[in-house]
Amino acid sequence: MDLTLLLQSALAGLTNGFVYALIGLGLSVIFRGTRIINAMQGEFALIGGMASYVLLESLGVALPVAALGGAVLGGITGVLVEAVLVRPMRRRGASEESYLLLTLGVAFAISAAVLYFFGRDARLLPGIGGEASALFFDAAIRVHAIWLIVIASAVMALLWLFYHRTVVGLSMMAASVDEQGATTVGINVPLMRTLTFLLGGLVGGLAGVLVSPLITIHYEMGLLLTLKGFAAAILGGLANPFGAVVGGVTLGLVESGAVLYFASGYKDVVSMVILIVIMIVMPNGMLGRGARKGG
Amino acid sequence: MALGAVAFIVWLAVPAIASRSIVDVLVFTALYAIAGLGVSFLLGHCGIVTLAQSVFYGVGAYSAAYCTTQLGWAAPAGFLAGMGISAILAAVVGWPVLRLSGYFLALATLALGIIGHVLFLEWDWLTGGTLGIGGIPHLELFGLMLNTPQRFYYLAWLVLAIVLWLHANLLNSRTGVAMRALRDAPTAAAALGVDNHALKAKVFVLSAVLGSLAGSLFAHYVSFVSADSFGVDRAISFLLLAVLGGARTIIGPVLGALFVTVMPHALSTLGDIHALLFAAGLVVAVIFLPDGLAGLLQRALGRREQA
């Protein structure tokens, strides 16, 4: 095997892996805070990417501000979904399946709304460092991809600090682990759930902004992103903050390795088979601490 | 009873009165209801969310297409081959996957749906890939060619009626009771000697057979199949019709299928916004109609039945 080719595919896999990790991080934030699998996590990315595109191209805002705007809009969407849709359902005592169907329905609605307002065109955001690439031995990697990896790692570290070192983060975990106990010690549990969706939406929106220079923004991009992100989070272990990154990178590397041997169409088959096998064989993921609920 | 008689007369008269395009939509209503019944069955009586029904719908369609156009077999052979392959596939895949539950099972079936769609695309020696397989012969019944929507309408709805009748019988049987026990109190059911896992696997196989039956009918109706028809969006339609209709009732999948086929058709006159309105309708239904359209209908008729 040609070494350069191998290295090139490893770099591509690493980049994809961090994309999956960013989506997976948002999914695991929402899962840990509310025990809901959010089937519209990819749509947060769609909203974030689309919003920053509109800010940049139509309103002429500077790129960093547009990027921030995209992430914030993702967060706002998260809050709205929690407050308007999830909360009334929780009051009625909805089942796991109905939350899944709800978020799936909202995902369709957002996808359809983007189709209606922005059409079928695929859009690209300019990356950090433009189109420039860095050479790593003989293999090339986009400068933007390096930034994506750095920022994703930073987000993971910040999330870890947030959940372990801040009062709000600890309260959010407490509210999720033991609702009545948290209420007893004076934690506003419904507020913590809303904040969880705010955080999940922010991470999702940011993921969209970071991904859009590499893969195009498109009304149908959400569902497959959600699934890959979910595979990443499951692979690493949903309950562990590092899980999504470890899982995402593993998934990305395996996928790009598979492309070397099979037709590229089989890439998704490989990752979906891995997802199923991991769920059955290693229910707590590769980092395997902390129980998983529901399976 | 009188209401039933009126409904029957309306059903009989529809192809004579309604336009060709409406009859065409109603044929799809019946096909979706047959496939959706399998999904509804799993959801309402075993608490299993499946997003893999598009795979079995596809297996049925491709079996019908391949057996009639490539092998030159008679149509019934294609139906049987599809149902046989689907049953075996569902048993082999379902046995390990049904160890999962809740979200994880739902997402595993979604992954199966994606795998199926990719294989339908990639195995073009069998499925024709994106180009598909054309020239699938129309069905012939007692010397009558079912080559118009009006004629196919009666066949599709007749098959649906038979399937619904079998379904009702199954629910009232010993197995039906075991299924409800499995859904409502799995531990108690196990203690009383219900083999939960085996029962789930059996229902999964049954559901796959229904999906395959609908798929074979679909192939003979449109006479052309391609991988586009068996994507994840189709699996999602089947799941949504089960949820919308009310998965615990017998009539639910029919109402749900009416909604997911007729509504987009009716809304399409409004232009591109129809997809948005449809999705918004779904969200509202999930939140406000926990028992689905069938629950709504029962309340409207002033009687409530326990499933």
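Procedures and definitions
- Residues numbered from 1 in each chain as written.
- Chains lettered and ligands numbered in written order.
- Predicted model: local features only at pLDDT ≥ 70, side-chain atom pairs only at ≥ 80, totals over all residues.
- Helix = DSSP H or I, 4+ residues; strand = E, 2+ residues; numbered from the N terminus.
- Rg over C-alpha atoms; globule rule 2.2 N^0.38 Å.
- Buried ≥ 20, exposed ≤ 12 C-beta atoms within 10 Å, placed from the backbone.
- Contact = placed C-beta atoms within 7 Å.
- pLDDT = per-residue confidence, 0-100.
- Domains from an automatic or database assignment.
- Nonpolar A, V, L, I, M, F, W, Y, C, P; charged D, E, K, R; others polar.
- Core = buried A, V, L, I, M, F, W, Y, C linked by C-beta atoms within 7 Å.
- Pairing = 2+ DSSP bridges.
- Axes fitted to C-alpha atoms, helices over the stretch in contact; angles between N-to-C directions.
- Left-handed = near helix turned anticlockwise from the far one by under 90°.
- Parallel < 35°, antiparallel > 145°, perpendicular 65-115°, else oblique.
- Expected span 1.5 Å × (residues − 1).
- Bend = angle between axes of the 7 residues up to and from the residue.

Caption draft 1: Inspection of the overall build of chain B at higher detail. Across its full length, chain B holds 14 helices and two strands. A globule of 307 residues ought to have a C-alpha radius of gyration of about 19 Å, and chain B, at 19 Å, matches this closely. With the C-alpha coordinates aligned to their principal axes, the bounding extent of chain B is approximately 55 × 45 × 40 Å. Per-residue burial over chain B gives 49% buried out of 307 residues.

Caption draft 2: Fine view of the overall build of chain A. Within chain A one finds eleven helices and two strands. Radius of gyration (C-alpha) of chain A: 19 Å, near the 19 Å computed for a compact globule of 295 residues. The principal-axis extent of the C-alpha atoms belonging to chain A is close to 60 × 50 × 35 Å. For chain A, with 295 residues in total, the buried portion stands at 51%. Partitioning the intrachain contacts of chain A with sequence separation of at least 6 by distance along the chain shows that 74% fall at a separation of at least 24.

Caption draft 3: Inspection of the confidence of the model for chain A at higher detail. Looking at chain A as a whole, the pLDDT averages 87, with 96% of positions reaching at least 70. Note that pLDDT drops below 50 for residues 290-295 of chain A; the model gives that stretch 19 contacts with residues more than four away or on any other chain.

Caption draft 4: Highlighting the confidence of the model for chain B. In this model, chain B carries an average pLDDT of 87, and 98% of its residues clear a pLDDT of 70 or more. Taken over the whole predicted complex, pTM reads 0.86, whereas the ipTM for its chain interfaces reads 0.83.

Caption draft 5: Local environment of the domain arrangement of chain B. Residue and element names in this part refer to chain B. Considered domain by domain, chain B is made up of domain 1 (43-230) and domain 2 (233-307). Computed from C-alpha atoms alone, the centre-to-centre distance between domain 1 and domain 2 is 21 Å. Counting residues at the interface gives 15 residues for domain 1 and ten residues for domain 2. Secondary structure elements with two or more residues in the side of domain 1 that touches domain 2: helix H2 (20-46), helix H3 (53-70) and helix H7 (149-172). The residue makeup of the side of domain 1 that touches domain 2, split by class, is eight nonpolar, seven polar and no charged.

Caption draft 6: Local environment of the interface of chain B and chain A. Taken residue by residue, the interface counts 30 residues in chain B and 33 residues in chain A. Elements represented by at least two residues in the side of chain B that touches chain A include exactly helix H4 (75-97), helix H5 (102-122) and helix H13 (274-288) of chain B. In terms of residue count, the dominant contributor to the side of chain B that touches chain A is H5(B) (13 residues). Looking at the side of chain B that touches chain A residue by residue, the classes come out as 25 nonpolar, two polar and three charged.

Caption draft 7: How the structure looks around the nonpolar core. Ranked by internal contacts, the top residues of the largest apolar core, which has 192 residues, are A:Ala21, A:Leu22, B:Leu31, B:Ile34, B:Ala108, B:Ala111 and B:Leu239. The element that contributes the greatest number of residues to this core is H2(B), accounting for 15 residues. Here this core gathers at least three residues from each of two domains, domain 1 (43-230) and domain 2 (233-307) of chain B. Ignoring anything within four residues of it in the chain, the contact list for A:Ala21 reads A:Ala152, A:Ala232, A:Ala244, A:Val245, A:Gly248 and A:Val249.

Caption draft 8: Just the pairing of strand E1 (residues 133-136) of chain A, in detail. Residue and element names in this part refer to chain A. Here E1 runs beside strand E2 (residues 139-142); their pairing, made up of four bridges, is antiparallel. Bridged to Leu-135 within E2 is Ala-140. The turn linking E1 back onto E2 is made up of two residues, and Phe-137 within it adopts a positive phi angle of 55°.

Caption draft 9: Geometry of unusual backbone geometry. Despite not being glycine, A:Arg35 has its phi angle at roughly 60°, a positive value. Tracing the chain through its elements places A:Arg35 in the loop between helix H1 (3-34) and helix H2 (41-57). Unlike most non-glycine residues, B:Ser223 shows phi in positive territory, near 60°. Locating B:Ser223 in the fold gives a position in the loop between helix H10 (196-222) and helix H11 (232-245). Given 16 C-beta atoms within 10 Å, B:Ser223 falls into the partly exposed group.

Caption draft 10: The arrangement of the packing of H3(B) against H4(B) in detail. Residues and elements named next belong to chain B. Orientation of H3 relative to H4, taken along the N-to-C sense of each, is 145°, at an axis distance of 8 Å. H3 and H4 meet at a crossing whose hand is right-handed. Residues Phe-56, Val-59, Gly-60, Ser-63, Ala-64, Cys-67 and Thr-68 of H3 lie in contact with H4, whose contacting residues are Ala-75, Ala-77, Gly-78, Phe-79, Ala-81, Gly-82, Ile-85, Ser-86, Leu-89 and Ala-90. In terms of residue class, the contact of H3 with H4 is built from eleven nonpolar, six polar and no charged.

Caption draft 11: Spotlight on the packing of helix H10 (residues 243-261) of chain A against helix H11 (residues 267-281) of chain A. Residues and elements named next belong to chain A. One can describe the packing of H10 onto H11 by two numbers: an axis separation of 9 Å at closest approach and a directional angle of 140°. Regarding the angle of H10 to H11, the classification is oblique. In this structure, the crossing between H10 and H11 has a hand that is right-handed. Contacts between H10 and H11 involve Leu-251, Val-254, Glu-255, Ala-258 and Val-259 from the former and Lys-267, Val-270, Ser-271 and Ile-274 from the latter. When grouped by side-chain class, the residues that make up the contact of H10 with H11 number six nonpolar, one polar and two charged.

Caption draft 12: Broad picture of helix H1 (residues 2-17) of chain B. All names here are of chain B. Taking 1.5 Å per residue as the helical rise, H1 with its 16 residues ought to reach 22 Å, and the 22 Å between its terminal C-alpha atoms agrees with that figure. Maximum bend of H1: about 25°, positioned at Trp-11, with proline Pro-15 one to four residues after it. The buried count for H1 comes to one of 16 residues, which makes it a mostly uncovered element.

Caption draft 13: Molecular detail of the environment of B:Glu122. Within the secondary structure layout, B:Glu122 lies in helix H5. Between the C-alpha atom of B:Glu122 and that of B:Ala227, which follows or precedes it by 105 residues, the distance is 9.4 Å. Once you skip the residues sitting within four places of it in the chain, B:Glu122 turns out to touch A:Ala263, A:Gly265 and A:Tyr266.

Caption draft 14: Examining the environment of A:Val168 more closely. Residue and element names in this part refer to chain A. Among the secondary structure elements, Val-168 is positioned in helix H6 (residues 167-177). Exposure remark for Val-168: the 14 C-beta atoms within 10 Å place this residue in the partly exposed category. Each C-alpha atom of the pair Val-168 and Met-192 lies 8.0 Å from the other, and the pair is 24 residues apart in sequence.

Caption draft 15: Geometry of the environment of B:Ala168. Within the element layout of this structure, B:Ala168 appears in helix H7. Residues B:Ala168 and B:Ile250 lie 82 residues apart in sequence; the distance between their C-alpha atoms is 6.8 Å.

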